[in-house]
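Coordinate inspection notes
Below, each chain spelled out in residue letters.
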Amino acid sequence: MNIKLPTFIEIYRQLIATPSISATDAKNDQSNEALINLLANWLETLGFSIEIQPVPETRGKFNLLATLGTGKGGLLLCGHTDTVPFDEGRWTQDPFTLTEKENKLYGLGTADMKGFFAFILDALRDVDTKTLTHPLYILATADEETSMAGARYFAAHTTIRPDFAIIGEPTSLKPIRAHKGHLSNAIRITGQSGHSSDPEKGVNAIELMHESITHLSTLRDTLKTRYNNPAFVIPYPTMNFGYINGGDAANRICACCELHMDIRPLPGLTLQDLDDLLHETLAPVKARWPGRLSVEALHDPIPGYECPTDHKMVAVIEKLLGEKAQTVNYCTEAPFIQDLCPTLVLGPGSIEQAHQPDEFIDMAFIEPTRELMGQLIENFCLTEKTQ
C-alpha cells in the first residue's frame, strides 16, 4: 500500500517540533491542539475516520480517536501527546529540534512518548488497510504528565470495546502487565499563633504535624506488612514525605504547617480503601484538635493496574516478543484504558531517558518496533478470528 506520508524521520521531526508541554502552572502549560491536528491529517490520509474530543477542565487540551475498519473487537494503540517541561540550560541542543547523533534521536518527547506515533504511522504504510477484519483504533491523549485528564475522560465516555490495547510508553520493548498507583496529598495543620514565651496561649502547628507524621509512619509500616506482591521489585505499597513547610520565626508559635506526601499502592488495594485507611490513621489527631487538620488531594489519584497474566491476548504478545510480561513502579494511563479492555504497556525507548535533559531514543529500536507494530496489527486486525 503506497501511502503519501512524510518519511519516518520527517514525521518524527514534525512531532518533536510541535511543543505540547503539560505543567500544573498555567505559565508553562501548553495546548496540544497543533499536535492533535498534525496527527489527524496524517491519519486521514491513511483512511481513518477522526474524532477530536475536547477534554473538560483543561487549558485547551484534546484527545484524538482515529478509527479504521468496522465491527467488534480489534486493537487499540494509544499514547499521550504531551511532554514534561524541559530544564533550561541543561540541554546541549534545542529540545524541539530532532537531532540525530551517534545512532540516537534526541529531542523532547522522542522516548516519552510522541515518537510512538511515528512508529505507528510508519508501520501502516505497508498494511493493506482494506483487508482489516477487525477495527484498528489509534488514541492520542492529553495531559498524561499531570492529571491524566485525557485518558480519564476518554475511558469514561467512549463506547469502543477493543479486544486488546497497547500503550506505547518507553518500556524497551518489554511487555508490562502491572504497575502501582499514585496518591499525592497535602496534610494541612491550622494552629494558633502566639508569643513563644507562653506556649499555652497558642497551638503549635509543627507539634500537631509531628503527631500526625508519627501516626502516618505507623500506617506506612502497616501497609508494608499487610500488603505484598512478590511480582514487584518493591513488593509493598510505599509512602513518602516529600515536602514540609511551617512557621516563620523562632519566637512565634507556629500557626500553619503543611506536608506533601505520596503513597504508591499495589494493584488490588483500592483508592477508597486507601483513603479510608489514611483518614482512620489521622482520626486521633482530628479528635484531639477539632477543625485543625485537613487532607487535600494534590491531584486526582491513580489506581494500581494489573492485566491478568492468563489472558489469551497476553500470550500472543509474549510469544511475539519471546519474553514474559513484567511489572514496574511508575504510573501510566493503563488503569483507565484497562476499564475498556485488557491492556499492556509496551513501547520503544527506555524509561531511563524519560524526563531527562537530552532525552533520546536509540535508533536500534526502529526496526524491531516497526516489525512489532506490523505483527500486532496482523494478529488483532487482519485475521478472520481474533487470536
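By convention here, each chain's residues receive numbers from 1 onward along its written sequence. In keeping with the predicted nature of the model, local features appear solely for residues at pLDDT of at least 70, side-chain atom pairs appear and are counted solely at 80 or more, and the whole-chain, interface and lining totals rest on all residues. Water and hydrogen atoms play no part in the side-chain values, which are based on all heavy atoms of the structure.

Now for the sheet that holds strand β11 (residues 238-246). Should DSSP find at least two bridges between two strands, the strands are regarded as paired. Starting at the N terminus, helices and strands are each numbered in turn, a helix being any DSSP run of H or I of at least four residues and a strand any DSSP run of E of at least two. What the four strands build is an open sheet, ordered β11-β13-β9-β14; its pairing is antiparallel. Single-partner strands in this sheet number two, and they are β11 and β14 (293-297). The mean angle between the axes of side-by-side strands here comes to 20°, regardless of whether they run parallel or antiparallel. Bridging between β11 and strand β13 (residues 256-264) involves eight bridges; their strand directions are antiparallel. Its bridge partner lying in β13, N240 is registered against D262. Contacts were defined at the residue level, with two residues in contact if any of their heavy atoms lie within 4.5 Å. Only the stretch in contact is used when fitting a helix axis, every axis being a line fitted to C-alpha atoms; angles between N-to-C directions are given from 0 to 180 degrees. Its contacts with the sheet place helix α5 (residues 205-226) against β9 (183-190), β11, β13 and β14, and it is angled at close to 175° to β11. Sitting on the sheet, helix α6 (residues 271-288) touches β9, β13 and β14, and the angle it makes with β14 is about 160°.

Let us now look at the side chain of D122. Note on placement: D122 falls in helix α3 (residues 115-124). Relative accessibility thresholds used throughout: buried, under 20% of the residue-type maximum; exposed, over 50%; partly exposed, between the two (1.4 Å probe, protein chains only). A residue is classified by how much of its surface remains accessible, and D122, at 8% relative accessible area, is buried.

Pairing between side chains of opposite charge can happen when the charged atoms of each approach one another. Take a side-chain nitrogen of Lys or Arg and a carboxyl oxygen of Asp or Glu: if they are within 4 Å of each other, that pair is a salt bridge. Considering all chains together, one arrives at 17 salt bridges under this definition. Residue K174 pairs with E323 through a salt bridge whose shortest N-O separation is 3.7 Å. Taken together, the residues span a long stretch of sequence, with K174 in the loop between β7 (164-167) and β8 (176-179) and E323 in the loop between α7 (312-321) and β16 (326-328) at a distance of 149 residues. K174 sits in the partly exposed class, given a relative accessible area of 33%. The salt bridge partner of R288 is E211, with a shortest N-O separation of 3.1 Å. Here E211 lies in helix α5 and R288 lies in helix α6, a separation of 77 residues in the sequence. Taking relative accessible area as the criterion, R288 reaches 55% and is therefore assigned exposed. Salt bridges sharing common partners tie together D29, R59, K61 and D143.

Turning to the packing of α3 against helix α9 (residues 366-381), a few remarks are in order. With their axes 9 Å apart at the nearest point, α3 and α9 run at an angle of 60° to one another. Crossing handedness for the pair α3 and α9: right-handed. Contact residues: α3 offers F116, F119, I120, D122, A123 and L124, while α9 offers I366, T369, R370, M373, G374 and I377. Ten residues, namely Ala, Val, Leu, Ile, Met, Phe, Trp, Tyr, Cys and Pro, are considered nonpolar, four, namely Asp, Glu, Lys and Arg, are considered charged, and the remaining ones, Gly among them, are considered polar. Looking at the contact of α3 with α9 residue by residue, the classes come out as eight nonpolar, two polar and two charged. Note on convention: near helix rotated counterclockwise from far helix by under a right angle means a left-handed crossing. Clockwise means right-handed.

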